[in-house]
Amino acid sequence: MAINWEEIQRRHDEVSQELMAPTLDNAKRVTLQKEHSSLGQFLNIHANIVRLEKSIAETKKQASENVDPELAALYQEELIDLESQLGQAQGELTDSMFPPDPQDNRSVFVEIRAGAGGQEAALFVADMLRMYTNYALSKRWKVAPVSLSETDLGGYREIILHIEGKGVFGHLKYESGVHRVQRVPQTETQGRVHTSTVTVAVLPEAEEVELNINPADLRIDVFRAGGAGGQHVNKTESAVRITHIPTNTVVSCQDDRSQHKNKATAMKVLKSRILAAQALAHESEMSQKRKELVGTGERAEKVRTYNFPQNRITDHQVEMTLKKLDMVLEGDLDELMQALIQKDRETRQARSVVKK
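Residues numbered from 1 in each chain as written. Predicted model: local features only at pLDDT ≥ 70, side-chain atom pairs only at ≥ 80, totals over all residues. Heavy atoms only, no water.

(A) Focus on the overall build of the chain. Looking only at helices and strands, the chain has nine helices and eleven strands in total. Across the 356 residues of the chain, 38% fall into the buried class. Restricting the contact set of the chain to residue pairs at least 6 apart, pairs at least 24 apart contribute 60%. Element-wise, carbon and sulfur atoms account for 50% of the exposed surface of the chain, whose accessible area totals about 20,300 Å². (Helix = DSSP H or I, 4+ residues; strand = E, 2+ residues; numbered from the N terminus. Buried < 20%, exposed > 50% of the residue type's maximum accessible area, 1.4 Å probe, protein only. Contact = heavy atoms within 4.5 Å. Areas by Shrake-Rupley, 256 points an atom, 1.4 Å probe, with all protein chains shown as cover.)

Here's what the structure looks like:
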């Protein structure tokens, strides 16, 4: 496929000039900086490919002209190394031609809620909390609870986690949807397997320049936090509930003792939810098929099944089944994640159109 490198260079130079304008607003500057970086990376990879192709041609010529067996062997070793570098560079070029979601590098808010199954679903929310926390820590991401709503049996009706790090959304975005668990509940005396569900929503954290919320559109309530947490919980009004009136989006946060910190965290979650809702609305306008689904396309469907009696986990997005449910629940998600990331890459390549 032909790529107009002169046009890419021209656009790169044009963006460089636009970034020098003193009157450029912050939102436009951020957009242009991202484009400038992307184009620059694209051009650098192309320059490296051109250099490697030239070196390979020269090495082949020298090898053909030299009759010394020892030198010929050295040229052959160099040629193998250069061709390996060329293959790697061409792979990088392919990834640049079919870029991932620009939000993939963002931190996220993960919302986990008990669905069908009552107490059993709430207990599985606790299992998923452990799974995502351990996976995040294995990636050296930071994990902090934003909101926890506990049940009497040690489960959770709802959990909101903030997971901070590079590439978090790119790894966890496939988790959004319905997760089905099949196991014998602790309260079941006859050993019958029950099916319950948990829903997960992974929201990329909104950037400040993306969304401006009018303070007049907010209703902020403070109240005493409930649940475990020490004596201070019921004595101070540290919990915060924020309602965005135009969209009726409500976020509560009570994890911190500081009302100020809870308010700041709740605002971050609120912005991320509104941004995700806006993105969904845009996607719905672009695709009639997605209008018929709840959520964002495939995410509305069943994402994964966790079968405890057979120690089996099946991801329905990539049709992968693993016989290591116990390990996955301890945070060993790499095999599943890599399969999901590869499928996403293949989907992007299939949908992309390279302009000549």
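(B) Examining the pattern of salt bridges more closely. Evaluation of the coordinates by the stated rule reveals 20 salt bridges. Ionic pairing is found between Arg11 and Glu18, a salt bridge with its closest N-O pair at 3.3 Å. Judged by its relative accessible area of 22%, Arg11 falls in the partly exposed class. For Lys139, the salt bridge identified is with Asp334, shortest N-O distance 2.9 Å. Of the two residues, Lys139 is situated in the loop between helix H4 (119–138) and strand E2 (142–150) and Asp334 in helix H9 (residues 334–351); the sequence distance between them amounts to 195 residues. (Salt bridge = Lys/Arg side-chain N within 4 Å of Asp/Glu carboxyl O.)

(C) Inspection of the pairing of E2 at higher detail. Pairing analysis gives eight bridges linking E2 to strand E3 (residues 156–164), with the strands arranged antiparallel. Residue pairing across strands places Ser149 opposite Glu158, the latter belonging to E3. Counted between consecutive antiparallel strands, the loop separating E2 from E3 contains five residues, among which Gly154 sits at a positive phi close to 95 degrees. (Pairing = 2+ DSSP bridges.)

(D) Main features of the confidence of the model for the chain. When the pLDDT values of the chain are averaged, the result is 82; 85% of them are 70 or greater. The low-confidence segment residues 228–234 (pLDDT under 50) makes eleven contacts with residues lying over four places distant or belonging to another chain. Taken as a whole, residues 286–300 scores under 50 in pLDDT and shows 18 contacts with residues more than four places along the chain or in a different chain. (pLDDT = per-residue confidence, 0-100.)

(E) Summary view of the side chain of Ser176. Considering the arrangement of structural elements, one finds Ser176 in the loop between helix H5 (168–172) and strand E4 (177–183). Taking the relative accessible area as the measure of exposure, Ser176 reaches 7% and is therefore buried. Reaching out from Ser176, the side chain makes a polar contact with the backbone nitrogen of Val202 at a distance of 2.9 Å. (Polar contact = N/O pair within 3.5 Å; in protein donor to acceptor, adjacent residues only side chain to side chain.)

(F) Summary view of the sheet that holds strand E10 (residues 312–315). Taken together, eight strands build an open sheet; the order of strands is E2-E3-E1-E5-E4-E9-E10-E11 and the sheet is mixed. Looking at strand neighbours, the two that pair on one side only are E2 and strand E11 (320–322), the edges of this open sheet. Neighbour to neighbour, the strand axes of the sheet diverge by 15 degrees on average, direction disregarded. (Axes fitted to C-alpha atoms, helices over the stretch in contact; angles between N-to-C directions.)

(G) How the structure looks around the packing of helix H1 (residues 5–19) against helix H2 (residues 26–65). One can describe the packing of H1 onto H2 by two numbers: an axis separation of 9 Å at closest approach and a directional angle of 145 degrees. As H1 runs across H2, the sense of the crossing is left-handed. Judged by residue contacts, Trp5, Ile8, Gln9, Arg11, His12, Val15, Ser16, Glu18 and Leu19 of H1 engage Lys28, Arg29, Leu32, Gln33, Glu35, His36, Leu39, Gly40, Phe42, Leu43 and His46 from H2. Among the residues forming the contact of H1 with H2, the class breakdown is eight nonpolar, seven polar and five charged. (Left-handed = near helix turned anticlockwise from the far one by under 90°. Nonpolar A, V, L, I, M, F, W, Y, C, P; charged D, E, K, R; others polar.)

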